[in-house]
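Observations on the model geometry
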Amino acid sequence: TNGHKKTNSQIAGDNAKIVDYLLAEGAVIIAKANMSTDAQSARDSISKAVGQTKNAYNKYLSAAGSSGGSAVSTSLNFTAAALGTDTNSSLRLPAAYAGCVSLRGTFDLISRDGVTGLNSTRDIPGAITRTVYDQAIMLDALTGGQYEYTKQLRADALQGLRIGVMKELCYPVANRTDRTQANIDPEISAAFASALEELKAEGVELVEVSMPNVFSLYNATINSNASSKKEALYKAFNNMLAEYNVSAVVFPTYLTTPLRSGTDPDGKYWDVWQQTFINNCAIFSPSAGLPEINVPIGMHSLGCGIGMEIAAPKNQEQLLLDIAYSYTLRYNHRTVPTGAPDTYESSN
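Quick look at the structure, then. (Residues numbered from 1 in each chain as written. Predicted model: local features only at pLDDT ≥ 70, side-chain atom pairs only at ≥ 80, totals over all residues. Heavy atoms only, no water.)

**Section: the packing of helix H7 (residues 214–223) against helix H8 (residues 227–244)**
Condition: For helices, the axis comes from a line fit to the C-alpha atoms of the stretch in contact; other axes are also lines fit to C-alpha atoms, and the angle between any two N-to-C directions lies between 0 and 180 degrees. Helix numbers and strand numbers start at the N terminus; a helix is a DSSP run of H or I with at least 4 residues, a strand a run of E with at least 2. When an angle is under 35 degrees it counts as roughly parallel; over 145 it counts as roughly antiparallel; between 65 and 115 it counts as roughly perpendicular; any other value is oblique. Handedness of each helix crossing follows the sense of rotation of the near helix against the far helix: counterclockwise by less than a right angle gives left-handed, clockwise gives right-handed. Every residue pair with non-hydrogen atoms within 4.5 Å of one another is taken to be in contact. Here the nonpolar group is Ala, Val, Leu, Ile, Met, Phe, Trp, Tyr, Cys and Pro; Asp, Glu, Lys and Arg are the charged ones; every other residue, Gly included, is treated as polar.
Put simply, H7 and H8 touch, their axes get as near as 8 Å, and they point 155 degrees apart. Between H7 and H8, the crossing angle belongs to the class labelled roughly antiparallel. Considering the relative orientation of H7 and H8, their crossing is left-handed. The segment H7 lies against H8, with Leu217, Tyr218, Ala220 and Thr221 engaging Lys229, Lys230, Ala232, Leu233 and Ala236. Its residues assigned to classes, the contact of H7 with H8 comprises six nonpolar, one polar and two charged.

If you want it as structure tokens, here you go:
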């Protein structure tokens, strides 16, 4: 219902194609997840249908959006995986807040047939899961079994790989009033720095990379749906990879203190729209049409997952899954929310 209360006219005559793909693989569809109404908010998941989705770890924090219900239900083990649609950050930001994994694929990799749309030049469906392995299974199904991502997963992908650390999306940026040192949460910076050390320990060669015009190129894609704007950003991205001879780039999924939401135990009301918010999810993947995956790299002391984005050229989903799989096998930073059983404990 796109976050609205259900009416009889909103009952679809057919499944979305990706739902049929899942059913064909034996999946059981158990519920509809909450979201921000009309997918309009990355800062929260409050709908006209049922109200607010609360954070999986701390009910006084936002679940992020717009697919907050999908992320929280997966994190709390209500479901093995959940679907969402990503226009700017609707899959990966909620997944980061919930300590989950989500991959936004190359634009048009996954069918939008039967999916409520927001922006036809940016939207792509995808999944939120608790592990990278589960993410590969879901991507196999959502692409109709064309690519066999799960079968090709590599656990040794990091040794000798050159990965770029995207300077403008990791650290303060001169002449920007939002990306200042004061606005970047030190716990997120520390978790990201630790993740970089972990990558190096697994044999990755890290290179600081820079694209000084990244924000102007990104803004051009926001202000216009022209394909030429997206192509210009993608060309600059590829040129950067070639200049520094790296296969992918990494950066924190978000940089600011997790958003508080509603009235806290001390009686103070927190408005998500009045808090500093630096979200890196929209810069490359939706704006240039390239794939990007979020993986957990730690927990904030407020009780919220911290994520790292890995971005690569178009049609490099296998590379992203391999990097994420290799990293998370060695460093599992997912925290199971209180009251949610660890469904993987017996298999480990």
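**Let's talk about the packing of aromatic side chains**
Stated precisely, the cut-off is as follows: Each Phe, Tyr or Trp ring, with Trp reduced to its six-membered ring, pairs with another whose centre is within 6.5 Å; inter-plane angles below 30 degrees give stacked pairs, above 60 give edge-to-face pairs, and intermediate values give tilted ones. Under the scheme applied here, a residue whose accessible area is under 20% of the maximum for its type counts as buried, over 50% as exposed, and between as partly exposed, the area being computed with a 1.4 Å probe on protein chains only. Both a distance and an angle decide whether a charge sits over a ring: NZ of Lys or CZ of Arg must be within 6 Å of the ring centre and within 35 degrees of the ring normal.
The final tally for this structure, using the stated rule, is six aromatic pairs. Taken together, a centroid distance of 6.3 Å and an interplanar angle of 55 degrees make the contact between Phe251 and Phe284 tilted. Pair noted here: Phe251 is in strand E8 (residues 248–252) and Phe284 is in the loop between strand E10 (269–270) and helix H9 (285–288), with a separation of 33 residues, a long-range link. Under the relative-accessibility criterion, Phe284 is labelled buried at 0%. In this structure an aromatic cluster arises from ring pairing among Phe237, Phe251 and Phe284. We note Lys230 situated over the ring of Phe107; from NZ or CZ to the ring centre the distance is 4.4 Å.

**Notes on the pairing of strand E5 (residues 124–129)**
Counting buried positions over the six residues of E5 gives six, a clear majority of the element. Alternating residues of E5 divide into Ile124, Gly126 and Ile128 and Pro125, Ala127 and Thr129, and every residue in both groups is buried.

**With respect to the sheet that holds strand E6 (residues 162–166)**
As a reminder of what qualifies: Whether two strands pair depends on DSSP finding at least two bridges between them.
Within the open sheet, the eight strands sit side by side as E3-E5-E4-E11-E12-E8-E6-E7. Their pairing is mixed. Looking along the sheet, the strands with just one partner apiece sit at the ends: strand E3 (81–86) and strand E7 (205–209). For this sheet the average axis-to-axis angle between neighbouring strands, irrespective of direction, equals 30 degrees. With six bridges joining them, E3 and E5 adopt antiparallel strand pairing.

**What to know about the pattern of salt bridges**
Spelled out, the test is: Just to be clear on terms, a salt bridge is a Lys or Arg side-chain nitrogen sitting within 4 Å of an Asp or Glu carboxyl oxygen.
All told, the structure shown has 10 salt bridges when counted by the stated rule. When the shortest N-O distance is used, the salt bridge between Asp86 and Arg104 registers 3.0 Å. Taken together, the residues Asp86 in strand E3 and Arg104 in strand E4 (residues 101–104) connect sequence positions 18 residues apart. Classification of Arg104 by relative accessible area gives buried; the value is 0%. When the shortest N-O distance is used, the salt bridge between Asp108 and Arg112 registers 3.0 Å. With relative accessibility at 31%, the residue Arg112 sits in the partly exposed group. In this structure, a network of salt bridges that share partners links the residues Asp86, Arg92, Arg104, Glu292 and Glu309.

**Concerning the environment of Ser70**
Tracing the sequence through the fold places Ser70 in helix H2 (residues 68–75). Classification of Ser70 as buried rests on a relative accessible area of 5%. It is 7.0 Å that separates the C-alpha atoms of Ser70 and Asn34, two residues lying 36 residues apart in sequence. When residues no more than four places from it in sequence are discounted, the contact partners of Ser70 are Ala33, Asn34, Ala82, Leu83 and Ile128.

**Points about the layout of surface pockets**
We count it as follows: Both cavities and pockets are sets of points on a 1 Å grid over the protein atoms alone; in a cavity a 1.4 Å probe fits but cannot get out, in a pocket the set is open with protein on both sides within 12 Å along at least five of seven lines, and lining residues sit with an atom within 4 Å of a point. Grid points are joined across faces, edges and corners, and a volume is the space filled by probe spheres set on the points.
In this structure, the second largest pocket spans a volume of roughly 510 Å³. Lining the second largest pocket we find 23 residues, and of these Ala42, Tyr218, Phe277, Asn279 and Ala282 sit closest to its centre. Class assignment for the residues of the lining of the second largest pocket results in 11 nonpolar, eight polar and four charged.

**Observations regarding the environment of Ala312**
As for its position among the elements, Ala312 is in the loop between strand E12 (304–311) and helix H10 (317–330). Take Ala312: its relative accessible area is 0%, and that puts it in the buried class. Apart from residues no more than four positions distant in its own chain, Ala312 is found in contact with Phe237, Ser247, Ala248, Leu290, Pro291, Leu319 and Leu320.

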